[in-house]
Amino acid sequence: MISDRKDAAAGLFFIAAGLLYGGIAWFMLPIGSALRMGPGYFPIVLSGLLVLLGAAIVARAFVHAQEMPFGAVPWRALGLISLATTVFAAFIEDLGMIPGVFVTTAIASLAGRKIRLSRVLVASALMAVFCTLVFSYAVRLPIPVIGPFFSGW
Amino acid sequence: MELFEHLGLGFGVAFLPLNLFYCFIGVLLGTVVGVLPGLGPLATIAMLLPLTFGLDPVQSLIMLAGIYYGSQYGGSTTAILVNLPGESASAVTTIDGYQMALKGRAGPALAAAALGSFFAGTVATVLVALVARPLTSIALSFGPAEYFSLMVVGLISSIALASGSLLKALAMICFGLLVGLTGTDIYTGAPRFTFGQFELLDGISFVALAVGIYGIGEILRNLEGKEGSAPVIAKVKSLWPSVDDLKRMIAPAVRGTAIGSLLGVLPGGGALLSSFVAYNLEKKTSKNSAEFGKGAIEGVTAPEAANNAGAQTSFVPMLALGIPSNVVMALMIGAMIMQGIQPGPNVVVSNPEIFWGLIASMWIGNAMLVVLNLPLIGLWVSLLRVPYWIMFPAIIAFSCIGVYSVSNSAFAVYTVTIAGVIGYFLIKLDCEPAPFVLGFVLGPMLEEHLRRAMLISGGDLSIFVTRPISAALLIVAVAVLFVVSRPNIAKRRQEVFVEEES
């Protein structure tokens, strides 16, 4: 009977990561010898260690006494924040600083709890102006203020 | 004396008007970061890196360093006034600091924190100046075997700082080392662990990784619980401590400084550990120990002096050896490389103005911080009223802009997202990120020195134990591992970190 599911999950994660990296190193990279180590040598040693440590953590999960609660996961926040950063990455060059920051901030704001749309819009607009002043004009980052997406209009 | 000559050069550099200006900006930002809970120095430095692009190396390092030690000052303000550590190293200050505030003695508590920190900062600056130079001469005689063993010591001691289980911390180190190896192999040019992404040929961006784990991860944890109501902020009446207070501050400040300076130099040490050790020592040795937990001024002075001293002396391994002692220093190394400076023992020879200028600026920055923190306390208190629903979207926007500009690629921003989500779940599984991050930074260096050592020794592993310095370092690593794994020590560590979270 597993008495600590958190330990078990962590251990399994480490085993999986070790197998993935170790597998890549084993099958795809030259290993070489101790004298002339190939690119695969050190990763295989590390992966082996990682798998062993993972196994030890899983094993301990069976004897470990108490389990601390995992706690709630804010799935909505997780999704919205990932979306915000992804949108920024994908579209900043096309949108430019002002629209890009506005959209990113607005999406991220929705991850909060008590959301009021008017507040979100005003705060995002202010944030967009502030970032443009600081990063486009003061620091002169090479992100356009208004991106090419809007230039056709 | 040579030292005065060097410090003279340093102050000459640090007092240049522009350098003073960037030092001021740094400590100002640091204070803000320290005051705002949920925004640590690491994430801040990472997302503000683009601000330093136009600066020369001295200016940028002075500013980044200012953010780091400035955050130690700011963190104590919230610890005392609202019982919330703005920065993890101030966690222990909440115990007696907030009690003093409840008794209407918030002013003297703030003064004790600021003056203790300033004293510690002054002493630590001199110490860094004294120690760093001789250490670089030793470091110049290091071969690959010594560097390898030194990094092993650093990685192992980072476990002492991680809460929770030893096995998980060790696994996180291995995982970090592996992820750190992503990119082109320096010897053969073979791409490793790039999963077919050509952006990964240069490796995973450390800035993106740090922003993901410490920025996004932290936000997700804050959004777990109920959004707290506005914190109750203690009123500050008179700032000035009484003569009796001042007398009671002296010895704890000295002891805290000594502990902080010592632990700061150790790899894996730094501000957080220093403040806990200093508090516990004070509690045991003080003649007012009965007052601890009920508002003893010693309980504020000692940990604050210790965390500031520790923050300062953690620059020593970075400056002298080019090896980061904690994750903030790892980021500083990244910043130096971006400025075209290879960190390591050669910096002091080839760029003395950077080396000594940075050290001198730390003292100036500390003096600025006392002025910033005491008379302007009202301003910082008002920062605490910024609601979280404004803060976290702003942090996300800044992070995206920062990471995007550092590497000029959208890919780095995707890395932030992935690192944030994975980091968040690992933290939920009680796997501390610090050993992972340190492993990530040291991975390529560790491998390079291992391979070089093997080439020198003809593939004979005994090189690590036959060379005296290397052997001594490995013995230290084994000793640390042994001590940390002792059941009673493990229990003590648990208690310390549970105390921090409560």
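Just so it is clear, the structure is predicted and the values come from calculations on it, not from any experiment. (Residues numbered from 1 in each chain as written. Chains lettered and ligands numbered in written order. Predicted model: local features only at pLDDT ≥ 70, side-chain atom pairs only at ≥ 80, totals over all residues.)

Notes on the overall build of chain B
Step number 1: Secondary structure summary: chain B contains 23 helices and 2 strands in total.
Step number 2: Relative to its length of 502 residues, chain B is compact, with a C-alpha radius of gyration of 22 Å against a globular reference of 23 Å.
Step number 3: Overall, chain B is about 70 × 55 × 50 Å in size when its C-alpha atoms are taken along their principal axes.
Step number 4: Out of the 502 residues belonging to chain B, those deemed buried represent 61%.
Step number 5: Pairs at least 24 residues apart make up 80% of the contacts formed inside chain B by residues separated by at least 6 positions. (Helix = DSSP H or I, 4+ residues; strand = E, 2+ residues; numbered from the N terminus. Rg over C-alpha atoms; globule rule 2.2 N^0.38 Å. Buried ≥ 20, exposed ≤ 12 C-beta atoms within 10 Å, placed from the backbone. Contact = placed C-beta atoms within 7 Å.)

Observations regarding the interface of chain B and chain A
Interfaces are often sized by the accessible area lost when the parts come together.
Step number 1: Contact residues are listed per partner, giving 52 residues for chain B and 54 residues for chain A.
Step number 2: Counting residues per element, the side of chain B that touches chain A draws most heavily on helix α18 (residues 388–407) of chain B, which supplies 11 residues.
Step number 3: Tallied by class, the residues present in the side of chain B that touches chain A amount to 37 nonpolar, 6 polar and 9 charged. (Nonpolar A, V, L, I, M, F, W, Y, C, P; charged D, E, K, R; others polar.)

Comments concerning unusual backbone geometry
Residues and elements named next belong to chain B.
Step number 1: At F193, a position not held by glycine, the phi torsion is positive, near 50°.
Step number 2: Turning to its location among the elements, F193 is positioned in the loop between β2 (191–192) and α9 (206–222).
Step number 3: Overall, F193 belongs to the buried group, with 22 C-beta atoms counted inside 10 Å.
Step number 4: Look at F195: it is not a glycine, yet its phi comes out positive at around 50°.
Step number 5: If you trace the backbone, F195 turns up in the loop between β2 and α9.
Step number 6: The exposed category is assigned to F195, around which 9 C-beta atoms lie within 10 Å.

Looking at helix α1 (residues 2–14) of chain B
Given 3.6 residues to a turn, an α-helix orients residues that are three or four positions apart in the same direction.
Residue and element names in this part refer to chain B.
Step number 1: Along its 13 residues, α1 runs 18 Å from first to last C-alpha, staying within 8% of the 18 Å computed at 1.5 Å per residue.
Step number 2: Within the sequence span of α1, burial applies to G10, V13 and A14. End-on, the buried residues of α1 take up no more than an arc of 95°, which puts them together on one face. Opposite the packed face of α1, turned more than 90 degrees from it, sit the exposed residues F4, E5 and G8.
Step number 3: In the core, the buried residues of α1 are packed alongside α2 (17–35), α4 (57–82) and α16 (352–373). (Expected span 1.5 Å × (residues − 1). Arc of directions from axis to C-beta.)

Structural notes on the domain arrangement of chain A
Step number 1: Assigned domains of chain A: these are domain 1 (5–63) and domain 2 (75–150).
Step number 2: For domain 1 of chain A and domain 2 of chain A, the distance between their C-alpha centres works out to 40 Å. (Domains from an automatic or database assignment.)

Section: the nonpolar core
Step number 1: Within the largest apolar cluster, 220 residues are counted, with the highest numbers of intra-cluster contacts made by L50 of chain A together with C174 and A210 of chain B.
Step number 2: Top contributing element to this core by residue count: helix α6 (residues 106–140) of chain B, with 18 residues.
Step number 3: A domain split of this core shows at least three residues from each of domain 1 (5–63) and domain 2 (75–150) of chain A.
Step number 4: In this structure, L50 of chain A is in contact with F14, A17 and G18 of chain A together with A171, C174, F175 and L178 of chain B, ignoring residues within four places of it in sequence. (Core = buried A, V, L, I, M, F, W, Y, C linked by C-beta atoms within 7 Å.)

What about the environment of L374 of chain B?
Residues and elements named next belong to chain B.
Step number 1: Examined against the element boundaries, L374 turns out to sit in the loop between α16 and α17 (377–383).
Step number 2: Taking the C-beta count within 10 Å as the criterion, L374 has 20 such neighbours and is therefore assigned buried.
Step number 3: Each C-alpha atom, one on L374 and one on A113, is 9.9 Å from the other, the two residues being 261 residues apart in sequence.
Step number 4: If sequence neighbours within four positions are ignored, L374 has contacts with L110, A111, A114 and L239.

Let's talk about helix α1 (residues 5–28) of chain A
Step number 1: An ideal rise of 1.5 Å per residue puts 34 Å on 24 residues; α1 of chain A measures up with 34 Å between its terminal C-alpha atoms.
Step number 2: Considered for burial, the residues of α1 of chain A that qualify are D7, A10, G11, F14, A17, G18, Y21, G22 and A25 of chain A.
Step number 3: Contacts made by the buried residues of α1 of chain A are with α2 (41–63) of chain A together with α8 (166–180) of chain B.

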